[in-house]
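Observations on the three-dimensional arrangement
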Amino acid sequence: MITGHFKTDYSADEGIWSIWPKRWGLVAALIALAVFPFMASNYALLLAGQIGIFIVAVVGLNVLIGYTGLMSLGHGAFFAVGAYTTVAIHHEWPLTFPLITLVISTVVAAAFGVLFGLPSLRVKGLYLAVATLSANFIILFLIEQDWLAEWTGGVRGTETPNAVFFGYELVSQQAKYFFIMPVMVIMLLFAQNLFRTRFGRALIAIRDKDYSAEILGIALFSHKLKSFAISAAYCGAAGSLWAYFFPAILPEDFGLNMSITLVVCLVAGGMGRTLGPIFGTILILLVPELLKVVAGYVTGGDATAQTWVSPVRDILFGLMIIGFLIFEPMGLVNIWDRFWRFLSRWPFAK
Amino acid sequence: MGQFIQYMINGVISGSLLALIALGIVAVFKATKVVNFAHGHLILFGAYFYFTFSVVLPEAAFMPGWVSSWEPAWLLAYAGDAPMFSPRAAIASWVSDLPRILLGLVGALAANAVLALIIERLVMRPLLGQSAFAMILSTVGLIWVLEGSAGLIWTAEAEQVPALGPNFPIRFQLFDQNLFLFSGSLVNLLVALLLFATLMLVLRYTRSGVAIRATAEDQSTAYAMGINVPKVFSTAWLVASTTGAVAGAILASRNGLSPAIGLFGLSVLAVVLMGGLDSFAGVLIASMLVGILSSMAQWKLGGGVAEIVPYVAVLVVILIRPHGFMGQEEIERI
């Protein structure tokens, strides 16, 4: 029975993988990630790749919403910036090494993040949400313009390149999976580590009460801007992966729908925790697939009945948001915590 | 100059419509401190209800024939052989549509009111006392629920609905320029401004208006003073849904009925923030400004730019005045 985690020095307290379930859980998860592509079908790999990309983006959003307490409804725009930067780079220099493209896309998205983080000092909460939402519409509008169409493809979207590593083109889902997952794991570890640093703790202080944080000597503006930059960078990286993963992209892929889906993944999973985005993204992206299976089973593959699948999916999606907010506002990660707490204290207390 | 005035008029007309929509968002925010992201979809439902009661229902087998098309002898005599697009023909066809327009409006108002009460009771009430973030997100969730339900109930085709007023072109001269506008737009303008003014008067002079203002000022004090705050909340939602139903009917008759109406509500949200969330006057100013700016942008820069005008405008305004034109500044305690 675990009665508590006894730590004898500071370094143990700061450790991320402080207790054995976490250590072995990480190892098990990594092994599962590595083995999965050899056992899964192409369709499952497609879903897994999509989930991996979204996890990167939602973890980034978590830095902003969950840790810094700044609301954003416009992160789809940074996703778009990342994706279109990748496309544009490959348009100019077709054989760029994918990791270089990834880094450049990330940096460009971070720059846009700083730009759209500028209102964050003046406005907070809802006003910031609408400011970022406006930014999302404006960036998509720019992408659709004719004078950028050579690089972005304009309204009609554009085909995207495949990643080429030393002459080996990543075409199959399996190969793409092995490109996405390491990036995802590294970015997850980075996010987890970020909040052990002075900078990360400063962000948390800003979330809890920004004026108090300022009085304690934290420069609000620069920290908020950096937080914006980091979260935008994550979304930019996700966008770059997205461009490599899918054969084509459209501006409307990155609209309000995506921005809100990102926020919803975060809320469903639980804010201010690294596990939250993982759980939330898996749940939110898998439910529509589950619904498809159920609908196929109920209707027996009847084509006319398929017309109501999409509205029902929308309704279910909305109900999930509302349901989580009413019944489990801390997200899935809270259920997970309760479960482990229950196990560790069983049979003495609930 | 003539062109300028022409687009100015168009801008004022669309601005009044923005104001009518914004009214609902402000009313709900003032009373409940919730910013309703789903207001556009409430309007969408209003539009669909209007369609149901004014187009689908009158054509049902059990309805008497005069509902769908009322043609008493004197009306036929009045219409006579008036040429198409003449005021006389337009008024005659409007009068013959009148029964179903009225049925549509009454039905849409009632149905939307019921819908709003259900939303308020099932979604917003359980979230009382939660953070603003949770409230906002739950209205975002509502967007999907409403959109999906609308898709299930009504097929997502663009449909035509009867306009609220007789529709004929009015031509006149100003500064030696030929200008023209549709009388239907004029009726819409009047309806919107009338509703806006009525609501302002109601808020100022009636008991429930005072209750709403008191709740806006301070919820717990209002509660302590014997104001039924939950009832104020439902009243606010009722106001939003009924004005929304009228706005939906107008939008549907102007641009045709389609799910895009829901998205229109989001740009109105930008307008509301620009004016200041809790100020009717500020929102009226912002609506007019955005309406005129959009129509100018349409004239000089094309339709694509006009769509993002509200968003650019709100960004600029928020950067200069973080609480909009006339919004009350929040006082934070540390």
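Residues numbered from 1 in each chain as written. Chains lettered and ligands numbered in written order. Predicted model: local features only at pLDDT ≥ 70, side-chain atom pairs only at ≥ 80, totals over all residues.

Re the overall build of chain B
- Each helix and strand counted, chain B has 13 helices and 2 strands in total.
- The globule rule puts the C-alpha radius of gyration for 334 residues at 20 Å, and the 21 Å found for chain B is close to it.
- Referenced to the eigenvectors of the C-alpha coordinate spread, the extents of chain B come out at roughly 75 × 55 × 40 Å.
- Burial status across chain B gives 45% buried among its 334 residues.
- Counting only contacts in chain B whose residues sit at least 6 apart along the sequence, the fraction spanning at least 24 positions is 77%. (Helix = DSSP H or I, 4+ residues; strand = E, 2+ residues; numbered from the N terminus. Rg over C-alpha atoms; globule rule 2.2 N^0.38 Å. Buried ≥ 20, exposed ≤ 12 C-beta atoms within 10 Å, placed from the backbone. Contact = placed C-beta atoms within 7 Å.)

Details of the overall build of chain A
- Along the backbone of chain A there are 16 helices and 4 strands.
- Computed over the C-alpha atoms, the radius of gyration of chain A is 21 Å, within 12% of the 20 Å expected from 2.2 N^0.38 for a compact globule of 350 residues.
- Seen through its principal axes, chain A has C-alpha atoms that stretch 60 × 55 × 45 Å.
- Counting across all 350 residues of chain A, residues that qualify as buried make up 41%.
- Pairs at least 24 apart in sequence give 76% of the contacts found in chain A among residues at least 6 apart.

So, the pairing of strand β1 (residues 169–174) of chain B
Residues and elements named next belong to chain B.
- Sparse coverage of β1 is indicated by the burial of 0 of its 6 residues.
- Where β1 lies against strand β2 (residues 177–182), 6 bridges are found, and the strand directions are antiparallel. Note on β2: the bridge partner recorded for Q173 is N178.
- In sequence, β1 turns back onto β2 through a hairpin of 2 residues, with F175 there showing a positive phi of about 50°. (Pairing = 2+ DSSP bridges.)

Some thoughts on the interface of chain B and chain A
- On the chain A side, the residues contacting the 35 residues of chain B number 33 residues.
- Elements that contribute at least two residues to the side of chain B that touches chain A include exactly α6 (132–153), α11 (260–275) and α13 (303–320) of chain B.
- Looking at the side of chain B that touches chain A element by element, the count peaks at 17 residues for α6(B).
- Split by residue class, the side of chain B that touches chain A holds 27 nonpolar, 6 polar and 2 charged. (Nonpolar A, V, L, I, M, F, W, Y, C, P; charged D, E, K, R; others polar.)

Quick look at the environment of L203(B)
Residues and elements named next belong to chain B.
- Mapped onto the secondary structure, L203 falls in helix α7 (residues 183–205).
- Overall, the presence of 19 C-beta atoms within 10 Å leaves L203 in the partly exposed class.
- Not counting the four nearest positions on each side in its chain, L203 is found in contact with G209, I212 and R213.

Considering α13(B)
- For α13(B), with 18 residues, the first-to-last C-alpha span of 27 Å sits near the 26 Å given by 1.5 Å per residue.
- The axis of α13(B) is deflected most strongly, by about 40°, at V309(B), and proline P310(B) appears within four residues downstream.
- For α13(B), every residue scored as buried is listed here: V309(B), P310(B), Y311(B), A313(B), V314(B), L315(B), V317(B) and I318(B).
- Summarising the contacts, the buried residues of α13(B) are in contact with α6 (119–122) and α7 (125–143) of chain A together with α11 and α12 (280–301) of chain B. (Expected span 1.5 Å × (residues − 1). Bend = angle between axes of the 7 residues up to and from the residue.)

Details of the packing of helix α13 (residues 256–269) of chain A against helix α15 (residues 309–327) of chain A
Residue and element names in this part refer to chain A.
- In the contact formed by α13 and α15, the axes pass within 9 Å of each other and the chain directions differ by 35°. In terms of crossing hand, the pair formed by α13 and α15 is left-handed. In contact with V264, V267 and A268 of α13, α15 contributes M320, I321, F324 and L325.
- Its residues assigned to classes, the contact of α13 with α15 comprises 7 nonpolar, no polar and no charged. (Axes fitted to C-alpha atoms, helices over the stretch in contact; angles between N-to-C directions. Left-handed = near helix turned anticlockwise from the far one by under 90°.)

Quick look at unusual backbone geometry
- Even without being glycine, K33(B) reaches a positive phi, approximately 65°.
- By secondary structure assignment, the location of K33(B) is in the loop between α1 (2–32) and α2 (39–56).

Re the environment of S96(B)
Residue and element names in this part refer to chain B.
- Relative to the helices and strands, S96 resides in helix α5 (residues 87–124).
- With 19 C-beta atoms packed within 10 Å, S96 lands in the partly exposed category.
- Between the C-alpha atom of S96 and that of A281, which follows or precedes it by 185 residues, the distance is 38 Å.
- In this structure S96 touches S69, W70, E71 and L75, once residues within four positions along its chain are discounted.

Describing the packing of α1(B) against α7(B)
Residues and elements named next belong to chain B.
- Contact geometry of α1 with α7 gives a least axis separation of 9 Å together with a crossing angle of 35°. Seen along the crossing, α1 lies across α7 with a hand that is left-handed. In contact with I13, S16, L17, A19, L20 and L23 of α1, α7 contributes S185, N188, L189, A192, L193, L195, F196 and L199.
- Here the contact of α1 with α7 is built from residues that sort into 11 nonpolar, 3 polar and no charged.

Focus on the environment of W144(B)
- Mapped onto the fold, W144(B) is located in helix α6.
- The spatial distance from the C-alpha of W144(B) to the C-alpha of V55(B) is 26 Å, given a sequence separation of 89 residues.
- Here W144(B) is in contact with D314(A), I315(A), F317(A) and G318(A), once residues within four sequence places are set aside.

A few points about the confidence of the model for chain B
- Put simply, chain B has an average pLDDT of 85, and 99% of its residues get 70 or more.
- The complex prediction reports pTM at 0.87, with the ipTM value standing at 0.82. (pLDDT = per-residue confidence, 0-100.)

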